Amino acid sequence: MKELNKRFTILMVILLSGFFMANGQETPADILSSDFHKGRRDAVRKKLPNNSVAVFFANPVRNRANDVDYIYHQDPDLFYLTGYREPHAVLLVFKDDQTNENGDQYNEIFFVQEKNARAEMWTGRRLGDEGVKNKLAIQNTFNGREFAKYQIDFEKFDKVLFYDFKNDVRDNPLDSSDLFSLISQFKTKAGYQTDASSLGAEPQKNNLDVRGLNQIMSELRGIKTPEELDLIRKAVFISTVGQVEVMKAMKPGLSETEIQGIHEFVFKKYGSEYEGYPSIVGAGNNGCILHYIENHKPEIESDEMILMDLGAEYHGYTADVTRTIPIDGKFSPEEKAIYDLVYKAQEEAIQMAKPGVTFGQLGKLAKDIINQGLVDLGIIERPDSRHLYYPHGLSHHIGLDVHDKGTYSDLQENMVITVEPGIYIPEGSNCDKKWWGIAVRIEDDILITKDGFELLSSFAPRTTEEIEAMMAQPSPLEQFQLPALEGKKRK
Ligand code: GLY
Ligand code: MN
Ligand code: MN
């Protein structure tokens with residue numbers, strides 16, 4: 001009996017150590033630490049108004065079709081505050097210490113989805129409450145079904161801050177702790193009115209605040225910490241390597257989809273989990289559609305340019321980098337004229353970036369340069385002519401979201417923003433035909449430093465000369481041949 005026990009113990013030790021080793025290998029070493037997330041919860045607490053609580057829900061699971069869901073993506077605020085990547089969760093962060101029924105004090109409480117061996121066999125591992133305590137170091141964590149029983153008097157707070165509900169969450173009637181139930185339970189506890197007469201109106205309890213949280217989270221998320229900057233640098237670098245490999249591999253006859261695939265293969269090679277937004281790869285006139293994501297032109301043509309706006313998402317943080325290049329490796333005079341104008345607007349705006357300069361000033365500088373340039377090229381009549389050739393803004397924050405939360409007045413140290421002017425001249429525009437179908441966006445990511453900026457995306461060539469030189473380089477993909485697909489022309 002003793003011997004058996006001993007053997008059993010040894011076997012368990014071997015199995016468990018294998019399990020932990022395997023688990024250890026599965027977690028990348030450079031993910032955000034639990035200290036980072038704790039620091040962010042403390043920072044929220046500091047910014048909360050007196051006698052208040054902030055409530056953060058997980059993102060819903062979205063259905064793709066039938067019994068297949070979209071790949072789950074956590075709500076960026078909840079991820080920022082916890083590191084938790086699973087659905088069906090709610091976090092409460094209190095300004096002041098609360099006392100539970102045992103007389104213990106707490107200033108945050110987290111409800112997460114429960115472990116379930118059967119479900120995990122189909123849809124993946126769950127941390128459960130114990131896993132969250134161990135791995136994410138959030139000690140006051142409970143299984144979601146405890147939320148219904150959780151005694152809390154929301155009326156005692158001067159403010160209960162949360163994001164208003166979009167009413168787009170599916171109910172799983174068999175699960176009383178799914179997100180739908182957590183939200184319903186919160187609404188009941190907090191006295192949130194959901195009847196039709198209050199739709200679109202302010203919630204009726206006057207301590208419920210659906211506006212203030214966005215400001216707090218924008219102030220925090222807009223200024224990146226060193227740990228975040230480390231991940232953003234990696235995401236941006238990976239994205240620029242994708243651009244470089246595509247520059248080398250570009251040739252007429254490739255499809256937009258295939259070019260997208262080369263970028264995304266590079267992302268995956270580096271361990272980037274996702275794309276930060278649907279990749280935009282538009283040849284010729286398709287480049288004039290700002291968020292063109294079909295990417296289905298089967299064969300790009302030698303006299304076109306291709307606009308490629310792609311960002312790797314690395315451990316939660318996304319880049320946003322655009323390059324526009326000529327398919328045949330040489331800019332035509334018209335393409336170069338438009339490209340150089342966009343480049344000038346971008347370069348001057350980048351050089352102007354430093355703390356204290358406003359987003360508005362940067363945007364105006366780029367717009368003025370483009371308008372004057374379009375006049376000089378004879379595309380518009382006067383700098384103040386109304387036109388749609390540059391219809392978007394210059395800059396936005398990047399981070400956990402591609403259009404990240406952040407404030408939009410002065411630039412501040414440790415903001416990371418894009419600088420992305422563009423000119424788009426669709427077929428049929430009111431100008432000389434020679435410009436038709438030219439679309440150029442150049443988008444780079446910069447870090448605002450103490451007294452200026454750092455260009456994070458410099459690995460991808462940006463001037464016409466640098467791009468042409470890179471495109472003349474050989475590509476390893478030249479050797480990559482696949483068998484023909486029946487019924488499809490082989491390239
Ligand atoms: N990729 C979307 C944007 O540039 O804003
Ligand atoms: Mn952008
Ligand atoms: Mn972009």
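Residues numbered from 1 in each chain as written. Chains lettered and ligands numbered in written order. Predicted model: local features only at pLDDT ≥ 70, side-chain atom pairs only at ≥ 80, totals over all residues. Heavy atoms only, no water.

### Here's the deal with the overall build of the protein chain
A count of helical and extended segments in the protein chain gives 13 helices and 19 strands. In the protein chain, which comprises 491 residues, the proportion classed as buried is 49%. Within the protein chain, contacts between residues separated by at least 24 positions form 71% of all contacts whose residues are at least 6 apart in sequence. Surface accessibility of the protein chain: about 24800 Å² in total, with carbon and sulfur atoms responsible for 53%. Taken together, the 57 basic and 76 acidic charged side chains of the protein chain have centroids lying 4 Å from each other. (Helix = DSSP H or I, 4+ residues; strand = E, 2+ residues; numbered from the N terminus. Buried < 20%, exposed > 50% of the residue type's maximum accessible area, 1.4 Å probe, protein only. Contact = heavy atoms within 4.5 Å. Areas by Shrake-Rupley, 256 points an atom, 1.4 Å probe, with all protein chains shown as cover. Lys, Arg positive; Asp, Glu negative; His and termini not counted. Charge placed at Lys NZ, Arg CZ, Asp CG, Glu CD.)

### Topic: the coordination of the manganese ion (ligand 3)
Surrounding the manganese ion (ligand 3) are the protein donor atoms Asp309 (OD), Asp309 (OD), Asp320 (OD) and Glu443 (OE), which sit 2.0 to 2.3 Å from the metal. Geometry at the manganese ion (ligand 3) is irregular, judged from its 6 donor atoms and the angles of 58 to 170° they form at the metal. Spacing between the donor residues of the manganese ion (ligand 3) along their common chain follows D-x10-D-x122-E. (Donors = N, O, S within 2.8 Å, 3.2 Å for Na, K, Ca; no water. Tetrahedral: all angles 85-135°; square planar, octahedral: opposite > 155°, others 65-115°.)

### Points about the coordination of the manganese ion (ligand 2)
For a metal with four tetrahedral donors the ideal donor-metal-donor angle is 109.5 degrees, whereas six octahedral donors ideally subtend 90 or 180 degrees. Within the first shell, the manganese ion (ligand 2) binds the protein through Asp320 (OD), His396 (NE2), Glu420 (OE) and Glu443 (OE), at distances of 2.0 to 2.2 Å. If you look at the manganese ion (ligand 2), its 6 donor atoms make angles of 51 to 153° with each other, and the shape they trace is irregular. In the primary sequence, the donor residues of the manganese ion (ligand 2) line up as D-x75-H-x23-E-x22-E. The metal-metal distance between the manganese ion (ligand 2) and the manganese ion (ligand 3) comes to 3.3 Å, with Asp320 coordinating both. Remark: Glu443 occurs in the loop between strand 17 (438-441) and strand 18 (444-448) and Glu420 occurs in the loop between strand 15 (416-419) and strand 16 (422-425); sequence separation between them is 23 residues. Overall, the relative accessible area of 9% leaves Glu420 in the buried class. The class for Glu443 is buried, based on a relative accessible area of 0%.

### Quick notes on the site of ligand 1
Every residue lining ligand 1 is accounted for by Tyr277, His291, Asp309, Asp320, His396, His403, Glu420 and Glu443. Contact between ligand 1 and Asp320: a nitrogen atom at 3.1 Å from a side-chain N or O atom of the residue. At a separation of 2.6 Å, an oxygen atom of ligand 1 approaches a polar side-chain atom of His403. In the complex, 93% of the free accessible area of ligand 1, which totals 200 Å², lies under the protein chains. (Near = heavy atom within 4 Å. Polar contact = N/O pair within 3.5 Å; in protein donor to acceptor, adjacent residues only side chain to side chain.)

### A closer look at a nonpolar patch on the surface
A cluster of nonpolar side chains, contributed by Phe237, Tyr270 and Phe459, occupies part of the molecular surface with about 280 Å² of accessible area. Looking at the element boundaries, Tyr270 is found in the loop between helix 10 (256-269) and strand 9 (274-275). Note on Tyr270: relative accessible area 37%, which makes it partly exposed. (Patch = residues over 30% accessible without salt bridge, like charges linked within 9 Å, V, L, I, M, F, W, Y side chains within 5 Å. Salt bridge = Lys/Arg side-chain N within 4 Å of Asp/Glu carboxyl O.)

### A look at the pairing of strand 11 (residues 305-310)
Along strand 11, 6 of the 6 residues are buried, which leaves the element largely enclosed by surrounding structure. Side-chain alternation along strand 11 places Met305, Leu307 and Asp309 on one buried face and Ile306, Met308 and Leu310 on a second face that is also buried. Pairing analysis gives 4 bridges linking strand 10 (residues 280-283) to strand 11, with the strands arranged antiparallel. Across the sheet, the residue bridging to Ala283 is Ile306, located in strand 11. (Pairing = 2+ DSSP bridges.)

### Brief notes about unusual backbone geometry
Although it is not a glycine, Asn66 adopts a positive phi angle of roughly 50°. Within the secondary structure layout, Asn66 lies in the loop between strand 2 (63-65) and strand 3 (68-69). Overall, the relative accessible area of 72% leaves Asn66 in the exposed class. For His315, which is not a glycine, the phi torsion comes out positive at approximately 50°.

### Re the nonpolar core
Judged by nonpolar contacts, the single largest core of 96 residues is most densely connected at Phe56, Met250 and Ile306. In terms of residues, this core owes the most to one element, helix 9 (residues 226-249), which gives 9 residues. In terms of nonpolar packing, the next biggest core, distinct from the first, is built from 25 residues, Val90, Phe94, Ile152 and Val160 among them. (Core = buried A, V, L, I, M, F, W, Y, C linked by side-chain atoms within 4.5 Å.)

### Regarding the packing of helix 11 (residues 333-352) against helix 13 (residues 464-471)
Contact pair helix 11 / helix 13: the axes reach a minimum separation of 11 Å and the direction vectors enclose 120°. With respect to helix 13, the element helix 11 is oriented oblique. Residues Lys336, Tyr339 and Asp340 of helix 11 pack against Thr464, Glu465 and Ile467 of helix 13. Partitioning the contact of helix 11 with helix 13 into residue classes produces 2 nonpolar, 1 polar and 3 charged. (Axes fitted to C-alpha atoms, helices over the stretch in contact; angles between N-to-C directions. Parallel < 35°, antiparallel > 145°, perpendicular 65-115°, else oblique. Nonpolar A, V, L, I, M, F, W, Y, C, P; charged D, E, K, R; others polar.)

### Quick look at the pattern of salt bridges
Applying the stated criterion across every chain, the model contains 33 salt bridges. A salt bridge links Arg462 to Glu347, with the shortest nitrogen-to-oxygen separation between them at 2.7 Å. Of this pair, Arg462 sits in the loop between strand 19 (453-455) and helix 13 while Glu347 sits in helix 11, placing them 115 residues apart in sequence. According to the relative accessible area criterion, Arg462 is buried, its value standing at 10%. With its nearest N and O atoms 2.6 Å apart, the salt bridge here joins Asp368 to Lys364. Here Asp368 and its partner Lys364 are both found in helix 12 (residues 359-376), 4 residues apart, which amounts to about one turn of the helix. Through salt bridges that share partners, Asp77, Arg221, Lys224, Asp401, Asp404 and Lys405 make up one connected network.

### Thoughts on the sheet that holds strand 13 (residues 317-318)
Taken in spatial order, the 3 strands line up as 9-12-13 in an open sheet, and their pairing is antiparallel. The open sheet has two free edges, formed respectively by strand 9 and strand 13, since each of these has just one partner strand. Across 2 bridges, strand 12 (residues 312-314) lies against strand 13 in antiparallel orientation. Each bridged residue has a counterpart across the sheet, and for Glu313 the counterpart in strand 13 is Thr318. In this fold helix 9 packs onto strand 12 and strand 13, with an angle of close to 150° to the strand it touches most, strand 12.

### What to know about the sheet that holds strand 18
Ordered by their spatial adjacency, 3 strands build an open sheet running 15-18-19, and the pairing between neighbours is antiparallel. In the strand order of this sheet, the two ends are held by strand 15 and strand 19, each with one partner. Sheet twist, expressed as the average angle between the axes of neighbouring strands with direction ignored, equals 35°. Bridge count between strand 18 and strand 19: 3 bridges; the pairing is antiparallel. Across the sheet, residue Ile448 finds its bridge partner in strand 19, namely Phe453.

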